[in-house]
Amino acid sequence: MSVEMSKPVPRPGILDIAAYVPGKEHAPGVARVYKLSSNETPLGASPKAIEAFKTVADNLGRYPDGQAVELREAIAAVHGLNPANILCGNGSDELLGLLCHVYLGAGDEGIITEHGFLVYKIQILGAGATPVVVKEKDCTVDVDAILAAVTEKTKIVFIANPGNPTGTYVSVSEIRRLQAGLPKHVVLVLDAAYAEYVRRNDYEAGIEVVSSNANVVMTRTFSKAYGLAALRVGWMYAPAEIVDALNRVRAPFNLNAPAIAAGAAAIRDQAFIQQAVSFNQMWVETLTQALEAIGLKVTPSVANFVLIHFPEIDGKRAADADDLLTSRGYILRAVRGYGFANALRMSIGPEEANRGVIAALTEFMGHQA
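- An unreviewed UniProt entry lists the protein chain under the name Histidinol-phosphate aminotransferase, from Rhizobium leguminosarum.
- According to UniProt, the comment filed for the protein chain under the heading Subunit (unreviewed entry) is "Homodimer."
- As its UniProt record puts it under Sequence similarities (unreviewed entry), the protein chain is described as follows: "Belongs to the class-II pyridoxal-phosphate-dependent aminotransferase family. Histidinol-phosphate aminotransferase subfamily."

Structure, rendered in structure tokens:
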């Protein structure tokens, strides 16, 4: 005889998942706060994207285009892709979840790296599968470690390229080597959320690898360089069979109309994106040099943030620096959950915020400003 339960109970494993905790936003008692914890762009969105957003206001009573045709065609035109191989989502997070929902189940394994985006683990566990964590080498994805972790249970591999919170990247030749070493039924997910910022000759976001293989997908986002984090717009480039599978289970109107319109306008305004990327590159270099000059270690970054490592000295650790910075209105991201107990991640902010952090940390480390 079955035991009657007194209330609904989630299936086994769900309540064991640690919920994702975003970067903090507030500094109580501080008049001016600079949020440098979520890798948002200090330049905001393209004026053309803002104008496109406003034009939708007169039609809020209508459902959006469930296929996001305008956005998919704009993405395809800019990147030279077939719109049929593009799927848009409510942020790339939705697409990562759909991939796990479709390709994972009980008894399966998904491989992630030790400093990889926390959402990968959450979605793997949410699908009832087991996350397998492999070590990185010098804060960089290690292809050999991933290949060594593959078993007959492996169904999916997640790579953040560039990595978050490290800012490091894997060359396209290493990505090709990884794909070649994986069983053909294993889905390789290249999460290229920060691809727009990378200026390295040996980097490729994933378009080339997806185009020539049946088991690779690339995810991208409009939340970073394009400045549309509030609208939650992501997209995926993938083989037609994978797009078809995800389309069967995704929500029918998963992107709202303002997001579709703004996203299409944003990606067409590549001149604005180049301004954002140039500003970012200059400040990544400036911050890295300034922080290293006062004795802090900074992981080399190709993204729009820097990972700052602090001394193992009482009063000089990351938590101490975080307290000081927060008291002055500079909110950085603690990254203990990513395996860095004594580091802070700093998003590139407006000039006054970047200079303010440099000055505060210079004082913190006992140097003259």
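**Details of the domain arrangement of the protein chain**
Then comes step 1: Here the protein chain is described as being made up of domain 1 (21-44 + 271-365) and domain 2 (47-268).
Then comes step 2: Summarising the inter-unit geometry, the C-alpha centres of domain 1 and domain 2 are found 26 Å apart.
Then comes step 3: Each side of the interface is counted separately: domain 1 has 25 residues, and domain 2 has 25 residues.
Then comes step 4: Buried area between domain 1 and domain 2, summed over both chains or domains, comes out near 2,200 Å², and the portion from carbon and sulfur atoms is 64%.
Then comes step 5: For the domain 1 face of the interface with domain 2, the top three residues by lost area are Ile-273, Val-302 and Tyr-338, together amounting to 33%.
Then comes step 6: At the junction of domain 1 and domain 2, the tally comes to six residue pairs in polar contact (both at pLDDT 80 or more).
Then comes step 7: Breaking the side of domain 1 that touches domain 2 down by element, the ones donating at least two residues are helix H10 (270-293) and strand E10 (305-309).

**Side note on the sheet that holds strand E9 (residues 297-299)**
Then comes step 1: Strand order in the open sheet formed by four strands is E9-E10-E13-E12, and the pairing between neighbours is antiparallel. Each edge of the sheet is formed by a strand with only one pairing partner; in this case those strands are E9 and strand E12 (333-334).
Then comes step 2: Relative to E10, E9 is paired through three bridges, and the arrangement is antiparallel. Considered in E10, the bridge of Val-298 is made with Ile-308.

**Observations regarding the layout of surface pockets**
Then comes step 1: The volume enclosed by the second largest pocket comes to roughly 390 Å³.
Then comes step 2: Where the lining of the second largest pocket is concerned, the elements lending two or more residues are strand E3 (109-113), helix H4 (118-126) and E12.
Then comes step 3: The element contributing the most residues to the lining of the second largest pocket is H4, with four residues.
Then comes step 4: Counting the residues that make up the lining of the second largest pocket, at least three belong to each of domain 1 (21-44 + 271-365) and domain 2 (47-268).

**Quick word on the sheet that holds E3**
Then comes step 1: An order of E2-E8-E7-E6-E5-E3-E4 is seen for the seven strands of this open sheet, with the pairing classed as mixed. The sheet is open, and its two borders are formed by strand E2 (86-90) and strand E4 (130-134), each paired with just one other strand. Taken pair by pair, the neighbouring strands of this sheet meet at an average axis angle of 25 degrees, ignoring direction.

**Comments concerning the UniProt feature "modified residue: N6-(pyridoxal phosphate)lysine" (unreviewed entry) in the protein chain**
Then comes step 1: Mapped onto this structure's residue numbering, the UniProt feature "modified residue: N6-(pyridoxal phosphate)lysine" (unreviewed entry) falls at Lys-224.
Then comes step 2: Residue placement: Lys-224 occurs in the loop between strand E7 (216-221) and strand E8 (233-237).
Then comes step 3: Assessed through its relative accessible area of 15%, Lys-224 is described here as buried.
Then comes step 4: Apart from residues lying up to four places away in sequence, Lys-224 is in contact with Ser-38, Asn-39, Thr-41, Ala-193, Tyr-194 and Tyr-197.
Then comes step 5: A polar atom in the side chain of Lys-224 sits 3.3 Å from the backbone oxygen of Ser-38.

**As for the nonpolar core**
Buried together is how nonpolar side chains tend to be arranged in soluble globular proteins.
Then comes step 1: Counting 62 residues, the largest nonpolar core has Leu-71, Phe-222 and Trp-235 as the members making the most contacts within it.
Then comes step 2: Considering every element that reaches this core, the biggest residue donor is helix H9 (residues 257-268), with six residues.
Then comes step 3: Looking at this core, you find at least three residues from each of domain 1 (21-44 + 271-365) and domain 2 (47-268).
Then comes step 4: Leave out the neighbours within four places in its chain, and Phe-222 touches Leu-71, Ile-75, Gly-227, Leu-228, Ala-229, Val-233, Trp-235, Gly-263, Ala-266 and Ile-267.
Then comes step 5: Leu-95, Ile-112, Phe-117 and Val-119 belong to the second largest nonpolar core, which has 31 residues in total.

**Here's the deal with helix H12 (residues 351-364)**
Then comes step 1: Between its first and last C-alpha atoms H12 spans 20 Å; for 14 residues at 1.5 Å apiece the expected length is 20 Å, and the two agree.
Then comes step 2: If you check which residues of H12 are buried, you get Ala-353, Asn-354, Gly-356, Val-357, Ile-358, Ala-360, Leu-361, Thr-362 and Phe-364.
Then comes step 3: Next to the buried residues of H12 lie strand E1 (34-35), H10, E10, helix H11 (318-327), strand E11 (330-331) and strand E13 (343-347).
Then comes step 4: A positive backbone phi angle near 85 degrees is found at Gly-366, which sits one or two residues after H12.

Reading guide: rules and limits
- Residues numbered from 1 in each chain as written.
- Predicted model: local features only at pLDDT ≥ 70, side-chain atom pairs only at ≥ 80, totals over all residues.
- Heavy atoms only, no water.
- UniProt positions renumbered as here; feature names shortened; annotations may be inferred.
- Domains from an automatic or database assignment.
- Contact = heavy atoms within 4.5 Å.
- Buried area = accessible area lost by both parts, 1.4 Å probe.
- Polar contact = N/O pair within 3.5 Å; in protein donor to acceptor, adjacent residues only side chain to side chain.
- Helix = DSSP H or I, 4+ residues; strand = E, 2+ residues; numbered from the N terminus.
- Pairing = 2+ DSSP bridges.
- 1 Å grid on protein atoms, 1.4 Å probe; cavity = no way out; pocket = protein on both sides within 12 Å on 5 of 7 lines; lining within 4 Å.
- Points joined across faces, edges and corners; volume = space filled by probe spheres on them.
- Axes fitted to C-alpha atoms, helices over the stretch in contact; angles between N-to-C directions.
- Buried < 20%, exposed > 50% of the residue type's maximum accessible area, 1.4 Å probe, protein only.
- Core = buried A, V, L, I, M, F, W, Y, C linked by side-chain atoms within 4.5 Å.
- Expected span 1.5 Å × (residues − 1).

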